[in-house]
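Listed below, chain by chain, are the residues.
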Amino acid sequence: MESLELARIIAQRLADNVTDVVMSPGSRNSPLAYALLARRDIRVHMRIDERSAAFTALGLARVQRRHVGVVMTSGTAVANALPAVVEAHMSHTPLAIISADRPAHLVGTGASQTIWQDGIFGRYAATQQVATREEAEAVSFAADQVHINVALDTPLVPETLPAPVGEPRRVGPGRLETAPTWADHGAVDVDLTRNTLVIAGDEAWDVPGLEHVPTIAEPTAPAPFHQVHPLAARFFAKSEVAISHDGGDFAAETKPEQLIVVGHPTLHRDVMALMADPDIEVIGISRTETFTGQPDRRGSRVNATGQPTDSWIKICEAAGEVGAQTVRDALQEDNFGLTGMHVAAAVCDTLGVGDTLVVGASNPVRDVSMVGMPFDGVSTYAARGAAGIDGTLSQAVGIALATQSLHPDEIRAPRTVALVGDLTFLHDINGLLIGPDEPRPGNLTIVVANDNGGGIFHTLEAGAESVARDFERVFGTSHDAGVEKLAEAYGAAYAHAGTLPELLETLIELEVQPNPITIVEVDTTRATRRALAQRLTK
């Protein structure tokens, strides 16, 4: 079948299922490019780097809650999408990869830019091979992760540009409740008069019946009514502790009788250890096929009876207050200097209702959890599916663009703030490579807590003094990269903060007078990260 007609049909199928497509340049995907640019009902974003393109699409999809397309040419261009497809699969985020391919008779013959693209994403996305009209018309978006591999033969370029098709549209985000691939594991009976603690991780939602149960919530979970600080997990691991609350001291039985785990928690070792305690019944609540850990019972909703006792709520409140106060006290101590956790506290203190926060992996997402996230009214995103640092800036750009498109009539784009470490920033600096004619985020601040290396490793086993000889080279990985010069090279505004007051002042100024993309570099230390972590767990 003629490639231009095949591409037209694929573009129509995309228009039926997506509002945005991120595309990279190439020759073999030329028919798809012409067909998509003719669609007035699809917004096309161009990116030079296919890896950045895929992660930008993933960021858009996190907000839109529907498929976003990624279009690229043949060969290794397709392979560059694998990290984003893995994260999409692990986080159950819809994503559609549309790859151009050589005709089947050229595969395996040494033809230029020709590899085996069928099945390239393995278990993370099944390939739909398209070479005929029937196959193009039958393309399915039923799965969350879709790979459409389109065999395109010459001619690849039309004699004249195709006529415009479709009409511009404004479409809101899809509903999480109507996601096509949600699993229903049924209902679980829970007696809330038993001492119950909810652990809400990534992909958590407000489960009816659990509204008033004390909850340890990760930053990307909904803000609970009775929020408990994650440092309290060490109290709950004990059978009895002495607690001060409302001016009095008392001994309390603090070990929960049951944990209800909603979504996919990953952040805190003490919380994960609590979930593995054989003396506590664990109930897993999930809308996917994934359950974290080994829950004793599983479901997708609860039949709740009873209510938490007043004494249990007071115990949870007191334990949570101790945890929160421990962090506040530690951040006031001069001996730790300016760390990434101080930066996280400043960022969170300057967030407002309606803002969006994007948090990088490793220390930043744990730091914002320690300083009090989630906040009600702030949308928070983090790549917790595979929990890698891959593509974080690209996802932040996509999230900012999607959030901005939900408010097209506002004079100022809604504020998106991304908090990342320096390695995460450098790993995906190409995410800021946006052409002058492309849609750009209107109000995106990227805060880089720059401790010149891998600060999180100081808090892990590799940071122990007994194995410190090769730490700096293998784990610390100092780089001495010039963030200001990189900001200039990628056309972003730049601000520098050497102290906490300077950072707070900069963030407040940017709130009043935002730039399209501003990188705020903060000089931090990682030399005290291990000591700070130990101080918090005393």
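As annotated in an unreviewed UniProt entry, the chain is 2-succinyl-5-enolpyruvyl-6-hydroxy-3-cyclohexene-1-carboxylate synthase from Corynebacterium imitans. UniProt, in the comment section headed Catalytic activity (unreviewed entry), describes the chain in these words: "isochorismate + 2-oxoglutarate + H(+) = 5-enolpyruvoyl-6-hydroxy-2-succinyl-cyclohex-3-ene-1-carboxylate + CO2". According to the UniProt record, the Sequence similarities (unreviewed entry) comment for the chain is "Belongs to the TPP enzyme family. MenD subfamily."

A. Quick peek at the domain arrangement of the chain. Domain boundaries in the chain define domain 1 (1-151), domain 2 (187-325) and domain 3 (334-536). Measuring from the centre of the C-alpha atoms in domain 2 to the corresponding centre in domain 3 gives 29 Å. The interface of domain 2 with domain 3 comprises 19 residues on the first partner and 18 residues on the second. Carbon and sulfur atoms make up 56% of the surface buried where domain 2 meets domain 3, a total of about 1,500 Å² over both sides. A salt bridge links arginine 269 to glutamate 461, with the shortest nitrogen-to-oxygen separation between them at 2.9 Å. Inspection of the region where domain 2 meets domain 3 yields seven residue pairs in polar contact (both at pLDDT 80 or more). Taken together, the residues of the side of domain 2 that touches domain 3 break down into nine nonpolar, six polar and four charged.

B. Expanded view of the nonpolar core. Core analysis: the largest hydrophobic core is formed by 46 residues, its most contacted members being Val70, Leu95, Ile97, Phe425, Leu432, Ile446 and Ile519. A per-element tally of this core places helix α3 (residues 50-64) first, with eight residues. Mapped onto the domain boundaries, this core takes at least three residues apiece from domain 1 (1-151) and domain 3 (334-536). Discounting residues that sit within four places of it in the chain, isoleucine 97 has contacts with Val70, Met72, Ala81, Val85, Phe121, Val146, His147 and Ile148. One finds Ile10, Val21, Val130 and Leu156 within the second-largest nonpolar core, a separate group that totals 29 residues.

C. Highlighting the pairing of strand β7 (residues 187-191). Going residue by residue along β7, you find Val188 and Val190 tucked away on one face and Ala187, Asp189 and Asp191 left uncovered on the opposite face. One ladder, built from five bridges, connects β7 with strand β15 (residues 301-305); its direction is parallel. Within the sheet, the bridge partner assigned to aspartate 191 lies in β15 and is threonine 305.

D. Spotlight on the pattern of salt bridges. A full pass over the atoms with the stated rule returns 20 salt bridges. Across the pair arginine 43 and aspartate 20 runs a salt bridge whose closest N-O atoms are separated by 2.9 Å. With arginine 43 in strand β2 (residues 43-46) and aspartate 20 in strand β1 (residues 20-23), this residue pair connects regions lying 23 residues apart in the sequence. We classify arginine 43 as partly exposed; its relative accessible area is 30%. Assessed through its relative accessible area of 3%, aspartate 20 is described here as buried. Between aspartate 428 and arginine 51 there is a salt bridge, with its nearest N and O atoms 3.5 Å apart. You can see aspartate 428 sitting in the loop between α13 (422-427) and β19 (444-450) and its partner arginine 51 sitting in helix α3, a full 377 residues away along the chain. There is no split in this pair, since aspartate 428 and arginine 51 are both buried. Salt bridges sharing partners connect three or more residues here, namely Glu5, Arg8, Arg133 and Glu137.

E. Structural context of the side chain of threonine 215. Following the sequence through the fold, threonine 215 ends up in strand β9 (residues 215-217). Judged by its relative accessible area of 6%, threonine 215 is buried. The residues contacting threonine 215, other than those within four sequence positions of it, are Leu197, Val198, Ala200, Pro224, His226, Gln227 and Val228.

F. View of helix α12 (residues 392-405). Counted at 1.5 Å a residue, the expected span for α12 with its 14 residues is 20 Å, and the 20 Å between its end C-alpha atoms agrees. The buried count for α12 comes to twelve of 14 residues, which makes it a mostly enclosed element. Within α12, burial applies to Thr392, Leu393, Ser394, Gln395, Ala396, Val397, Gly398, Ile399, Ala400, Leu401, Ala402 and Thr403.

Criteria and cut-off values
Residues numbered from 1 in each chain as written. Predicted model: local features only at pLDDT ≥ 70, side-chain atom pairs only at ≥ 80, totals over all residues. Heavy atoms only, no water. UniProt positions renumbered as here; feature names shortened; annotations may be inferred. Domains from an automatic or database assignment. Contact = heavy atoms within 4.5 Å. Buried area = accessible area lost by both parts, 1.4 Å probe. Salt bridge = Lys/Arg side-chain N within 4 Å of Asp/Glu carboxyl O. Polar contact = N/O pair within 3.5 Å; in protein donor to acceptor, adjacent residues only side chain to side chain. Nonpolar A, V, L, I, M, F, W, Y, C, P; charged D, E, K, R; others polar. Core = buried A, V, L, I, M, F, W, Y, C linked by side-chain atoms within 4.5 Å. Buried < 20%, exposed > 50% of the residue type's maximum accessible area, 1.4 Å probe, protein only. Helix = DSSP H or I, 4+ residues; strand = E, 2+ residues; numbered from the N terminus. Pairing = 2+ DSSP bridges. Expected span 1.5 Å × (residues − 1).

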